[in-house]
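Analysis of the macromolecular model
Below, each chain spelled out in residue letters.
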Amino acid sequence: MEGILKDAAAKSPPELVTFIVYDLPNRDCHAKASNGEICCTYLPDGRCDYAAAGDCAEGLEEYKSKYIDEIASVLKEYNDKVPIVL
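What this report covers is the structure whose coordinates are included nearby. Here the structure is a predicted model, which means the values were calculated and not measured. (Residues numbered from 1 in each chain as written. Predicted model: local features only at pLDDT ≥ 70, side-chain atom pairs only at ≥ 80, totals over all residues. Heavy atoms only, no water.)

Points about the state of the cysteines
Keep this limit in mind: We call a pair of cysteine sulfur atoms a disulfide when they lie within 2.5 Å. Burial status follows relative accessibility: with a 1.4 Å probe on protein chains alone, a residue under 20% of its type maximum counts as buried, one over 50% as exposed, and anything between as partly exposed.
Enumeration according to the criterion identifies 2 disulfides in this entry. Here Cys 39 pairs with Cys 48 through a disulfide, and the sulfurs are 1.7 Å apart. Across the S-S bond linking Cys 39 and Cys 48, the dihedral sits near -85°, which makes this disulfide left-handed. A relative accessible area of 12% places Cys 48 in the buried class. The connectivity of the disulfide-linked cysteines in the protein chain, indexed sequentially, is 1-3, 2-4.

Next comes the structure, spelled out in structure tokens:
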């Protein structure tokens, strides 16, 4: 992400950059190759427990702190330097 933004900022005028953010907790869609990395609830072996009941508060906090906050940090560096669509 940072490399793409750096390249876009080097152009005159800076190029529009578009990012799609996903990796939502418990994202599975029955496609093993595209399983999400973040779970609402983990099994003892580290895999997602897709059958667990609850509100996914822990998964959403992990999503925010380990994924969204890191993206936001990079985007802030390029604020007002590159047009970004998120």
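Re the nonpolar core
To be explicit about the condition: In this description, a nonpolar core means a group of buried Ala, Val, Leu, Ile, Met, Phe, Trp, Tyr and Cys residues linked to one another through side-chain atoms lying within 4.5 Å. By definition, any uninterrupted DSSP run of H or I lasting at least four residues is a helix, any uninterrupted run of E lasting at least two residues is a strand, and each is numbered from the N terminus. Throughout, a contact is declared for two residues whenever any of their heavy atoms are within 4.5 Å.
Judged by nonpolar contacts, Leu 5, Ala 8, Val 17, Phe 19, Ile 71, Val 74, Leu 75, Tyr 78 and Val 82 together constitute the single largest core of 9 residues. Within the residue set of this core, elements represented by two or more residues are helix H1 (2-9) and helix H2 (57-77). When residues in this core are grouped by element, the largest group, 3 residues, is from H2. Ignoring anything within four residues of it in the chain, the contact list for Phe 19 reads Met 1, Ile 4, Leu 5, Leu 75, Ile 84, Val 85 and Leu 86.

So, the pattern of salt bridges
Here is the rule we go by: A side-chain nitrogen of Lys or Arg and a carboxyl oxygen of Asp or Glu constitute a salt bridge if their distance falls within 4 Å.
Evaluated as defined, the whole model comprises 3 salt bridges. Glu 15 is the partner of Lys 11 in a salt bridge, and the nearest nitrogen-oxygen pair spans 3.6 Å. The exposure class of Glu 15 is partly exposed, given its relative accessible area of 40%.

What to know about the packing of aromatic side chains
The description of an aromatic ring pair uses the distance of the two centres, along with the angle that the planes make with each other. We count it as follows: Centre distance within 6.5 Å is the pairing criterion for rings of Phe, Tyr and Trp, where only the six-membered ring of Trp is used; planes under 30 degrees apart are then read as stacked, over 60 as edge-to-face, and the remainder as tilted. Only lysine NZ and arginine CZ atoms are considered, and such an atom sits over a ring when it is within 6 Å of the ring centre and within 35 degrees of the ring normal.
Enumeration according to the criterion identifies 1 aromatic pair in this entry. Measuring from centroid to centroid gives 5.6 Å for Tyr 63 and Tyr 67, while their planes differ by 25°, and the two rings are stacked. With a gap of 4 residues between them, Tyr 63 and Tyr 67 both fall in helix H2, about one helical turn apart. On the basis of relative accessible area, Tyr 63 is assigned to the buried category, the value being 12%. Its relative accessible area of 21% is what places Tyr 67 among the partly exposed residues. Of note, Lys 81 hangs over the ring of Tyr 78, and the distance from its end group to the ring centre comes to 6.0 Å.

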